[in-house]
Amino acid sequence: MQSFVGDIERRDTFPSHEEFVREFMSVSRPVLFTRAMADWSAWSAWNLDWLERQHGSVLLKGKQLSVRDWIAKMKDALANGRIEYLSVPIEEIPGLAKDFSLPDYYRFELLRRTETWIGPAGTRTPLHCDYSENLFCQVIGRKRFQLYSPDAISALEPAIDYALYRDYVPEYIAHERNGRGDDLETILAHEPVKPRFDFVIEPGEVMYLPYGWFHRVSGLEFSWSISSRWVTPGMILRRLPSVVANTLKGEPARSVKKIREELTRSNAP
Ligand SMILES: O=C(O)CCC(=O)C(=O)O
């Protein structure tokens, strides 16, 4: 089990596909590319006023709000001590995708999903892991990340699926209350394992977050990010047996029951 906070590796720019696979993807090693956006128009153009001017009338389908109305809602929430965080597939705001370009490490466009994340200082995405590769691009503002390697899974297991466990895991419950969650230092002090990396991603940086790494994200300032996630056919095949086996065994219902029992026990007087 990892038990220290080390420095995440840093590189200037994106390597070739071959080098990326050899140095990072095949060995599951996170890395920060620090000068990856020099030629992106997103880097010079994007800000909240620009978004409202250029794309204000676009309808955000999931929210049933226009971009303009969502911005007003986010500002209003903030004035009332709540956090309104936007996370949508990039296609929901047509026109954004042409403002940046990422190397085609993904290979199969059909197996890629790109999202954009916009929110004020104080956003929190609780601990979870995704079974996909991720190039996480920090266009505006700074975010603090804690990363835990996949071998921390036995200690962090309830955090695997936010959608499933949001009603049972204390960190998720606190987050659902107001979008901010509990105090970060208190969470870190009580966590069964220490993060492998705990660092701040700066505007202009792109992080490679490998498949299966747990992460928690805190927005330190108004922030606008992009995550480009992808899977390979090999990953789908590798995960298939455990998904089928868990489904046949009655997971995830069994895990939810187990967690509920544990929480009830630990909350007992
Ligand atoms: O930026 C965030 O708040 C969350 C990002 C994240 O969890 C991801 O890209 O997988």
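In case you missed it, the structure is sitting above this.
This section reports on the structure supplied with the text. Note that the coordinates shown come from a computational prediction; the quantities given were computed from them, not determined experimentally.

### Topic: the pairing of strand β12 (residues 214–219)
- Buried residues dominate β12, accounting for six of its six residues.
- The alternating pattern of β12 places Phe214, Arg216 and Ser218 on one face and His215, Val217 and Gly219 on the opposite face, and all of these are buried.
- Pairing analysis gives four bridges linking strand β7 (residues 124–129) to β12, with the strands arranged antiparallel. Bridge pairing in β12 links histidine 128 to histidine 215.

### A short note on the site of the ligand
- Around the ligand, the surrounding shell consists of Tyr85, Trp117, Thr125, His128, Asp130, Asn134, Phe136, Lys143, His215, Val217, Ser227 and Arg229.
- The separation between an oxygen atom of the ligand and a polar side-chain atom of histidine 128 is 3.2 Å.
- Take arginine 229: an N or O atom from its side chain is 3.0 Å from an oxygen atom of the ligand.
- Taking 290 Å² as the accessible area of the ligand by itself, protein coverage stands at 99%.

### Digging into the packing of aromatic side chains
- With the rule as written, the count across this model stands at 17 aromatic pairs.
- Ring centres 4.7 Å apart and planes at 75° place the aromatic pair phenylalanine 20 and tyrosine 208 in the edge-to-face group. With phenylalanine 20 in helix α1 (residues 17–25) and tyrosine 208 in strand β11 (residues 205–209), this pair connects stretches of sequence that are 188 residues apart. Across the pair, tyrosine 208 and phenylalanine 20 agree in class, each one buried.
- Taken together, a centroid distance of 4.3 Å and an interplanar angle of 20° make the contact between tryptophan 46 and tryptophan 224 stacked. In this pair, tryptophan 46 sits in the loop between α2 (41–45) and α3 (48–55) while tryptophan 224 sits in strand β13 (residues 223–230), placing the two residues 178 residues apart along the sequence.
- What makes tryptophan 224 buried here is its relative accessible area of 0%.
- Site record: aromatic cluster; members linked through ring pairs are Phe14, Phe20, Phe24, Phe33, Tyr105, Tyr208 and Trp230.
- When the ring centre of tyrosine 131 is taken as reference, the NZ or CZ atom of arginine 239 above it lies at 3.7 Å.

### Quick look at unusual backbone geometry
- A positive phi is found at serine 28, a non-glycine position, where the angle reads about 55°.
- Relative to the elements of secondary structure, serine 28 occurs in the loop between α1 and β2 (31–33).
- A positive phi angle is found at glutamine 64, which is not glycine, with a value near 50°.

### Section: the side chain of arginine 124
- Within the element layout of this structure, arginine 124 appears in strand β7.
- The side chain of arginine 124 sits in the buried core without any salt bridge; glutamate 171 is the nearest counter-charge, 4.8 Å away.
- A polar atom in the side chain of arginine 124 sits 3.1 Å from the backbone oxygen of aspartate 182.
- Sequence-distant contacts of arginine 124, that is, excluding residues within four places in its chain, are made with His175, Gly179, Arg180, Gly181, Asp182, Asp183, Leu184, Ile187, Arg216, Val217 and Ser218.

### Description of helix α9 (residues 233–248)
- Over its 16 residues, α9 runs 23 Å from end to end, which matches the ideal 22 Å to within 8%, given 1.5 Å per residue.
- Arginine 239 marks the point of greatest bend in α9, at about 35°, and the proline proline 241 comes within the next four residues.

### Quick word on the nonpolar core
- With 42 residues, the main nonpolar core has Trp40 and Trp46 as its most contacted residues.
- Breaking this core down by element, the ones donating at least two residues are α1, β2, α3, α4 (67–79), β5 (86–89), β8 (133–140), β11 and β13.
- Apart from residues no more than four positions distant in its own chain, tryptophan 40 is found in contact with Asp99, Phe100, Ser101, Leu102, Cys137, Val139, Val206 and Ile226.
- Ranked by size, the runner-up nonpolar core spans 14 residues in total, among them Leu32, Trp117, Phe197 and Val217.

About the thresholds
Every chain is numbered independently, its residues counted from 1 as its sequence is written. For a predicted model such as this one, the threshold for reporting local features is a pLDDT of at least 70, and the threshold for listing and counting side-chain atom pairs is 80 or more; totals across whole chains, interfaces and linings nevertheless cover every residue. Hydrogen atoms and water are omitted, and side-chain values are computed over all heavy atoms in the structure. Here the term buried applies to any residue with accessible area under 20% of the maximum for its type, exposed to any over 50%, and partly exposed to those in between, with areas from a 1.4 Å probe on protein chains only. Counting from the N terminus, the helices are the DSSP runs of H or I reaching at least four residues and the strands are the DSSP runs of E reaching at least two. Strands are labelled as partners when DSSP assigns at least two bridges between them. Nearness of a residue to a molecule or strand requires only that one of the residue's heavy atoms be within 4 Å of it. Polar contacts, as used here, are pairs of N or O atoms within 3.5 Å; protein pairs need one atom able to donate a hydrogen and one able to accept it. Residues neighboring in sequence count only if both atoms are side-chain atoms. For accessible areas, the Shrake-Rupley method is used with a probe of radius 1.4 Å. Any residue's cover is judged against the shown protein chains and nothing else. Aromatic pairing here means that ring centres of Phe, Tyr or Trp (its six-membered ring) are within 6.5 Å. Orientation follows from the plane angle: under 30 degrees is stacked, over 60 is edge-to-face, and everything else is tilted. A ring is considered to have a charge above it if a Lys NZ or an Arg CZ atom is located within 6 Å of its centre and within 35 degrees of its normal. For the charge count, each Lys or Arg is scored as positive and each Asp or Glu as negative, with His and the chain ends excluded. Within this document, salt bridges are pairs made up of a side-chain nitrogen of Lys or Arg and a carboxyl oxygen of Asp or Glu, the two lying within 4 Å of each other. Residue contacts follow a heavy-atom distance rule, with two residues in contact if any of their heavy atoms lie within 4.5 Å. The span one expects for a helix is its residue count, reduced by one, times 1.5 Å. The bend at a residue is defined as the angle formed between two axes, one fitted to the seven residues ending at that residue and one fitted to the seven starting there. Put simply, buried Ala, Val, Leu, Ile, Met, Phe, Trp, Tyr and Cys residues joined by side-chain atoms within 4.5 Å make one nonpolar core.

Purely spatial values, then, with no claim about function.
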